[in-house]
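In case you want the letters, here they are:
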Amino acid sequence: MIKKKQIREVTSQVTDGVFIIDIHGGITFINTQGEKLLGWREQELSGLNSHDLFHHVRPDGSRNPGEDCPIHQTVITGIPHRIEEDYFVRRDGSFLPVSLSSAPILKDGKITGAVITFHDNSERLSAQQAIREREQSFQLLFNSIRDATFVVAINPEGSFGQFLEVNEATCLRYGYSREELLGMTPTVFNTPEGVADLDKLAKKIITDRFVSFERMHVTRDGRQMPVEVHTRLFEFNGQLAALSSARDISKRKMLEKRDLRAYINRIALNALLEVALEPISLKQKLGVSLDIIHTVPRMAIQAKGSIMLVTEEGDLELAVERDLGPELVKKCQRVALGYCLCGRAAQTREMVFSGAIDAHHDITFPGMTPHGHYCIPIISRGKLLGVLNLYVDAGHVRDAEEEAFLTTVANTLAVVIERGKLDEKVQYMASHDPLTALPNRVLFKEHLERELRHAIRDHTMVTVAFLDLDRFKVVNDTLGHEAGDLLLRAVVQRLRRCLRDSDTLARLGGDEFTLILPAIDGKPGAAHVAHKILRAIQEPFAIFGQSCQIGVSIGMSCYPDHGDVADELIQKADQAMYVVKNRGRNNYAFYEG
């Protein structure tokens, strides 16, 4: 018969929670990971009914009947169960999303209990939520495109299938609902002559991957509409498809010169929307956007200007600029609302135009060349995001068509800014610990690999330190998880005071931290940092009016003495930390191979 000690040894190696119940649902064992996930210690759970304790209620507050419980059914019927989405109630009353499996324990053919294994689904659910948010952002962006834009399936042999997606503009232009179009093919938009040409067009898209063309489309009420279509071959949900945008060019046919302007504008706006989807930083998106705007041959825009963004404090901050000059860049780093032309555009939320340097220019300096301005507020759903500042030749005369185009440019920039901020938020959440805002395990390893490359190139030393707090669990169990979270944040503040700006501090999880000390002065330099950390952490912490004293065990490994691979150095620092633990804790040690 397997003893409890053997069970603990086996289950201590798994990352999932495991507990065992008897035939009445009473808990007879829980492993260490289960204790961590649920917040109870085994001594507290022994003999208590697992269902009544942490499986009796759902997140919406409704009761979870015992007779519907898969764990309960296992000890009754002897049939194993696996549930992909369920919830346990932690000790602090919060809900833990889990996937679980239950298997009966049999002795002499009789059911004596069950083994339950459960996995923390929090990260998976967070990732799913992030995906949903990105999909919602895509739909918002897709439907914000003013041109009719649709996705059509393409068969490998060279023919069109059904519409896979259409935006709101498509429905408005052609007079069909989205539900109707998703059951149709592009033949519905084409004249008989166009229908005969569709297979040839599909083959050309497959060959060239990007195709632009003009043809006559037909709306639901029979009206013929000349359109210009841009189609790109891509993969949509695992299926070969064409992404097409169709613009009504009736006015261009009537007035070629004016419609040529509209065509150029559309290219610029579509280019801005493509920038929104590029996997680059927000600052890079804005820089490319400003360059695109400057290439539009529409008016006398000079090859200089800027985009300013609203800060959390409510003023404007220079995000990107082109050819402003060092003196002007310095003066325009921060601009209060109402100050100078950009500040007035932000305050009034209306376009500001000036054909020359006038009294409204609060920012001037000797030698400033004559010029005019368009300052256009960037607004999305009533929220001010920033200001687009463009330079025009002195004496330039404004017109309504020009202002309408610049308003559209600003609205498109709003999409670029919102998408950029969303991408940065998602990327930050994926690479940082939510409690301490420190880099997580993934980002820590990226930093370490980068520092190792620099050290190999520059022939310098890198030290990796593995930190584990001593007696943290006592504080966490005594004062609760909220107190534990406050203590962890306070520890991070003290650790940062012990480090240089070039050092990297990360949280791996729980009370474990890691450090990268690049270009350190050998082991003496690393030891000096360790001494500083030990002294800092030994000072008592005031948590909820209680004085808490903890320690820290530090293990260190060094490049090149202990290896030149990130995983190897992390592992050896971890081993050195356990040596410190075994020697009495609250000290440091280097790896000794």
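Student: Can you explain the overall build of the protein? Please cite residues and give values.
Tutor: Assigned secondary structure in the protein consists of 21 helices and 23 strands. Since a compact globule built from 593 residues should have a radius of gyration of about 25 Å, the 32 Å found for the protein marks it as more spread out than a globular shape. A principal-axis box enclosing the C-alpha atoms of the protein has dimensions of 90 × 70 × 45 Å. Taken over 593 residues, the protein has a buried fraction of 48%. Taking all contacts inside the protein whose residues are at least 6 apart in sequence as the whole, residues at least 24 apart take part in 54%. When the accessible surface of the protein is totalled, it reaches about 30400 Å², and 53% of it is carbon and sulfur. Computing the positive centroid from 71 side-chain charges and the negative centroid from 79, the protein places the two 1 Å apart.

Student: Explain the state of the cysteines to me, using residue names and the numbers behind them.
Tutor: Tallied over the entire structure, the rule returns 0 disulfides. Not engaged in a disulfide, the cysteine cysteine 332 finds its nearest cysteine sulfur in cysteine 340; these two sulfurs lie 6.6 Å apart. What makes cysteine 332 buried here is its relative accessible area of 13%. Left unpaired, cysteine 548 is separated from the closest cysteine sulfur, that of cysteine 498, by 19 Å.

Student: Describe the nonpolar core, listing the residues and the values that go with them.
Tutor: Judged by nonpolar contacts, the single largest core of 39 residues is most densely connected at Leu467, Val491, Phe513, Ile533 and Ile554. Elements supplying a minimum of two residues to this core: β17 (462–470), α18 (472–479), α19 (481–497), β19 (512–518), α20 (522–538), β20 (541–543) and β22 (551–559). At 8 residues, α20 tops the list of elements feeding residues into this core. When neighbours within four sequence positions are excluded, isoleucine 554 is seen to be in contact with Ala465, Phe466, Leu467, Ala530, Ile533, Leu534, Met577, Val580, Asn587, Tyr588 and Ala589. One finds Ala276, Val320, Phe353 and Ala414 within the second-largest nonpolar core, a separate group that totals 33 residues.

Student: Lay out the side chain of asparagine 167 with the relevant residues and their values.
Tutor: Within the secondary structure layout, asparagine 167 lies in the loop between β7 (159–166) and α7 (168–174). Looking at asparagine 167, the relative accessible area reads 1%, which means it is buried. A polar contact is formed between the side chain of asparagine 167 and the backbone oxygen of isoleucine 145, at a distance of 3.2 Å. A distance of 2.7 Å separates the side chain of asparagine 167 from the side chain of threonine 170, its partner in a polar contact.

The rules behind each value
Within each chain, residue numbers correspond to sequence positions counted from 1 in written order. Per-residue local features are limited, in this predicted model, to residues with pLDDT of at least 70; the limit for side-chain atom pairs, both in listing and counting, is 80 or more; totals at the level of whole chains, interfaces and linings are taken over all residues. Computation of side-chain values: all heavy atoms of the structure, hydrogens and water removed. Secondary structure elements follow DSSP: runs of H or I of four or more residues count as helices, runs of E of two or more count as strands, with numbering from the N terminus. Each radius of gyration reported is based on C-alpha atoms, and the globular scaling rule is 2.2 Å times the count of residues to the power 0.38. Buried residues are those whose accessible area, probed at 1.4 Å on protein chains only, stays under 20% of the maximum for their type, while exposed residues exceed 50% and partly exposed ones sit between those limits. Contacts: residue pairs with any heavy atoms within 4.5 Å of one another. To measure how exposed things are, a 1.4 Å probe is used in the Shrake-Rupley method; for residues, cover is taken only from the protein chains shown. Charge assignment in this entry is limited to Lys and Arg as positive and Asp and Glu as negative, and neither His nor the chain termini are counted. Charge positions are represented by NZ for Lys, CZ for Arg, CG for Asp and CD for Glu. The disulfide criterion used throughout: a pair of cysteine sulfur atoms within 2.5 Å. Here the nonpolar core consists of buried residues drawn from Ala, Val, Leu, Ile, Met, Phe, Trp, Tyr and Cys, with membership extended through side-chain atoms lying within 4.5 Å. Polar contacts, as counted here, are pairs of nitrogen or oxygen atoms within 3.5 Å of one another; within protein the pair requires one atom able to donate a hydrogen and one able to accept it, and residues that are adjacent in sequence qualify only if both atoms are side-chain atoms.

Honestly, that's just the spatial picture; any functional story needs more than this.
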